[in-house]
Amino acid sequence: MLPIKIRYISDKIEKLRYVDGVSDWIDLRSAEDVDLKAGEFRLIRLGIAVMLPEGYEAHIVPRSSTYKNFGIIQTNHMGVVDHSYCGDEDEWRFPVLAMRDTHISVNDRICQFRVMENQPQLVFEEVEHLSAKSRGGFGTTGIQ
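Residues numbered from 1 in each chain as written. Predicted model: local features only at pLDDT ≥ 70, side-chain atom pairs only at ≥ 80, totals over all residues. Heavy atoms only, no water.

Enquirer: Teacher, can you tell me more about the overall build of the protein here?
Expert: When helices and strands are counted, the protein shows one helix and 11 strands. N-terminal to C-terminal, the α/β element order of the protein is β-β-β-β-β-β-α-β-β-β-β-β. For the protein, the C-alpha radius of gyration of 19 Å lies well beyond 15 Å, the compact-globule estimate for 144 residues. Oriented by its inertia axes, the alpha-carbon framework of the protein measures out at about 55 × 40 × 30 Å. Taken over 144 residues, the protein has a buried fraction of 31%. A separation of at least 24 residues holds for 75% of the contacts in the protein among residues at least 6 apart in sequence. Split by element, the accessible area of the protein, about 10100 Å² in all, is 51% carbon and sulfur. With 17 positive and 22 negative side-chain charges, the protein shows a spacing of 8 Å between the two charge centroids. (Helix = DSSP H or I, 4+ residues; strand = E, 2+ residues; numbered from the N terminus. Rg over C-alpha atoms; globule rule 2.2 N^0.38 Å. Buried < 20%, exposed > 50% of the residue type's maximum accessible area, 1.4 Å probe, protein only. Contact = heavy atoms within 4.5 Å. Areas by Shrake-Rupley, 256 points an atom, 1.4 Å probe, with all protein chains shown as cover. Lys, Arg positive; Asp, Glu negative; His and termini not counted. Charge placed at Lys NZ, Arg CZ, Asp CG, Glu CD.)

What follows is the structure, given as structure tokens:
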């Protein structure tokens, strides 16, 4: 188990829970009531500040039902919080763009996160040719 220190900035949201065996992503909740018109941007308060251990980072993404339920998209597509963002006032927020008029209530589950080890230090070695056979296409489909 990896201990994570958390400070609840809002007393209106449910406490974080790790549900073992169900998912290794942890739901995050809106710490405020939000009304957005289509096309509006907002940093939605998530009501927590977290101290991640050195060598770890958190990845924040929408839940699979976020767009269906609220009509919002995450503007940076995936948020990355490193271990240096760890002060009492370093509240996590969710940057969104409303695609339709919407209302989000305090405690609505709007995104999720997981904790990951930082990428190891990489060294890039330039070569004339790679040893693997080319698949000849784009992505895994092979379609050009």
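Enquirer: Sorry, what's going on with the sheet that holds strand β9 (residues 93–98) here?
Expert: Picture the strands of a sheet paired through backbone hydrogen bonds; they go either parallel or antiparallel. Spatially, the three strands line up as an open sheet ordered β4-β9-β7, and their pairing is antiparallel. Looking at the sheet topology across the chains shown, the edges are occupied by β4 (41–45) and β7 (72–74). Pairwise comparison of adjacent strand axes, ignoring direction, gives a mean angle of 40° for this sheet. Of the strand pairs in this sheet, β4 and β9 are connected by five bridges, and their pairing is antiparallel. Within β9, the residue paired with R45 across the bridge is R93. (Pairing = 2+ DSSP bridges. Axes fitted to C-alpha atoms, helices over the stretch in contact; angles between N-to-C directions.)

Enquirer: Please explain unusual backbone geometry as it appears in this structure.
Expert: Trans peptide bonds make up most of the peptide bonds, and negative phi angles are found at most residues other than glycine. Although it is not a glycine, H77 sits at a positive phi angle of roughly 65°. Topologically, H77 is positioned in the loop between β7 and β8 (79–82). For N107, which is not glycine, the phi torsion reads 85° and is therefore positive. Relative to the helices and strands, N107 resides in the loop between β10 (102–104) and β11 (109–117).

Enquirer: Quick question: what am I supposed to make of the pairing of β9 here?
Expert: Consecutive side chains of a regular strand alternate in pointing toward one face of the sheet and then the other. Inspection of the sheet shows β7 paired to β9 by three bridges, in the antiparallel sense. Paired with Q74 across the bridge in β9 is V96.

Enquirer: I keep staring at the nonpolar core and nothing clicks. Help me out?
Expert: Among soluble globular proteins, nonpolar side chains are generally buried collectively. If you look at the biggest cluster of nonpolar residues, it comprises 24 residues, and the most contacted ones within it are L28, I60, I72, W92, F94 and I110. At the level of secondary structure, the elements contributing two or more residues to this core comprise β2 (26–29), β3 (34–36), β5 (48–51), β6 (56–62), β9 and β11. What W92 contacts, discounting residues up to four positions off in sequence, is L28, I44, R45, L46, G47, I48, V50, A58, I60, V81, Y85 and F113. (Core = buried A, V, L, I, M, F, W, Y, C linked by side-chain atoms within 4.5 Å.)

Enquirer: Before we go on, may I ask you to explain the environment of L36 in this structure?
Expert: For L36, the position within the fold is in strand β3. Between the C-alpha atom of L36 and that of E126, which follows or precedes it by 90 residues, the distance is 49 Å. Excluding its chain neighbours within four sequence positions, the residues that come into contact with L36 are R42, I72, V96, A98, R100, D101 and T102.

Enquirer: Explain the pattern of salt bridges here, please?
Expert: Where charged atoms of side chains with opposite charge meet at close range, the side chains can pair. Under the definition given, this model contains eight salt bridges. For D27, the salt bridge identified is with R109, shortest N-O distance 2.9 Å. Taken together, the residues span a long stretch of sequence, with D27 in strand β2 and R109 in strand β11 at a distance of 82 residues. Among the salt bridges present, the one from R42 reaches E32, with a minimum N-O distance of 2.9 Å. Residue R42 is found in strand β4, and its partner E32 is found in the loop between β2 and β3; the two are separated by 10 residues along the sequence. Of the residues examined, R42 reaches a relative accessible area of 28% and is grouped as partly exposed. (Salt bridge = Lys/Arg side-chain N within 4 Å of Asp/Glu carboxyl O.)

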